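Below are the chains, spelled out letter by letter.
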Amino acid sequence: MSEDGGDGAALDEDLRVPSCERCPALVESRSRIVDGVGPTDADLLFVGEGPGATEDEEGEPFVGRSGDVLDEALRDAGLARADVRITNCVRCRPPDNRDPTTDELANCRGHLESEIERLAPELIVTLGKVPSEHLLDRSVAITGESGGVVDARLAGESRRVLLSVHPAATLYDRSQRDGFFETIARAAELSGVGDREGSGGDGQSRLGEF
Ligand code: SF4
């Protein structure tokens with residue numbers, strides 16, 4: 001993150017998608033387009049699959065029970081949600097919580113790549129199988145590969161990607177909880193965000209003070 005102060009938590013209007021109707025089924029099922037949240041110069045970018053019911057309702061990625069787990073893991077790693085940026089592969093809720101189709105992922109790729117290019121984060125963390133396979137362009141056995149770091153060509157450059165299970169996996173399988181928390185701690189360490197004095201952990205980011 002830049003050290004020139006400013007409102008790091010503010011959403012940059014450039015990264016908002018004010019209107020988009022490329023995916024007819026998702027336009028039908030969504031209440032709104034759910035853009036990424038967090039500083040537009042964040043060093044740590046989390047990428048999920050797409051909005052679920054709560055995200056669609058509230059207009060923010062990773063809220064509800066999955067978001068609670070992610071927030072807890074971030075706090076455990078000494079970070080606050082406001083220290084990181086969180087986005088999704090598709091910005092509109094698929095019907096019946098189905099996975100986004102290949103076409104829908106491709107349709108929304110440009111929005112995600114613009115976000116990655118603008119942030120140029122130190123580290124991208126994929127939350128779950130769908131975003132991991134989408135960004136790496138290969139099949140991923142996410143439970144086995146979670147915690148691994150790979151390079152992927154994204155938005156015109158080679159970028160470091162840390163693979164992770166989806167936080168919801170810890171709700172259905174408690175044995176995955178420790179691994180998920182360790183992966184988020186690793187994300188903080190690799191991105192350098194957790195090392196900074198004043199970084200999060202108390203729900204209030206103080207990075208803007210430096
Ligand atoms: S998912 Fe992305 S590409 Fe599809 S309609 Fe929504 S914003 Fe547009």
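- As annotated in an unreviewed UniProt entry, the protein carries the name Type-4 uracil-DNA glycosylase and comes from Halorubrum xinjiangense.
- In the Sequence similarities (unreviewed entry) part of its UniProt record, the protein is described as follows: "Belongs to the uracil-DNA glycosylase (UDG) superfamily. Type 4 (UDGa) family."
- Its UniProt record gives the protein a comment under Catalytic activity (unreviewed entry), which states: "Hydrolyzes single-stranded DNA or mismatched double-stranded DNA and polynucleotides, releasing free uracil."

1. A few points about the site of the ligand
Consideration 1: In the vicinity of the ligand, the contacting residues are Cys20, Arg22, Cys23, Leu26, Arg30, Val90, Arg91, Cys92, Asn107, Cys108 and His111.
Consideration 2: Top element by residues in the shell around the ligand is helix H4 (residues 102-119). It accounts for three residues.
Consideration 3: Its residues assigned to classes, the shell around the ligand shows six nonpolar, two polar and three charged.

2. Side note on helix H3 (residues 64-76)
Because an α-helix packs 3.6 residues into every turn, residues spaced three or four apart end up facing the same way.
Consideration 1: For H3, which comprises 13 residues, the first-to-last C-alpha distance of 18 Å matches the rise-based estimate of 18 Å (1.5 Å per residue) to within 8%.
Consideration 2: Of the residues making up H3, those classed as buried are Ser66, Gly67, Val69, Leu70, Asp71, Ala73 and Leu74.
Consideration 3: Buried positions along H3 lie against strand S1 (44-48), strand S2 (85-88), strand S3 (123-127), helix H7 (169-172) and helix H8 (177-191).
Consideration 4: One or two residues past the end of H3 sits glycine 78, with phi positive at roughly 85°.

Thresholds applied
- Residues numbered from 1 in each chain as written.
- Predicted model: local features only at pLDDT ≥ 70, side-chain atom pairs only at ≥ 80, totals over all residues.
- Heavy atoms only, no water.
- UniProt positions renumbered as here; feature names shortened; annotations may be inferred.
- Near = heavy atom within 4 Å.
- Helix = DSSP H or I, 4+ residues; strand = E, 2+ residues; numbered from the N terminus.
- Nonpolar A, V, L, I, M, F, W, Y, C, P; charged D, E, K, R; others polar.
- Expected span 1.5 Å × (residues − 1).
- Buried < 20%, exposed > 50% of the residue type's maximum accessible area, 1.4 Å probe, protein only.
- Contact = heavy atoms within 4.5 Å.

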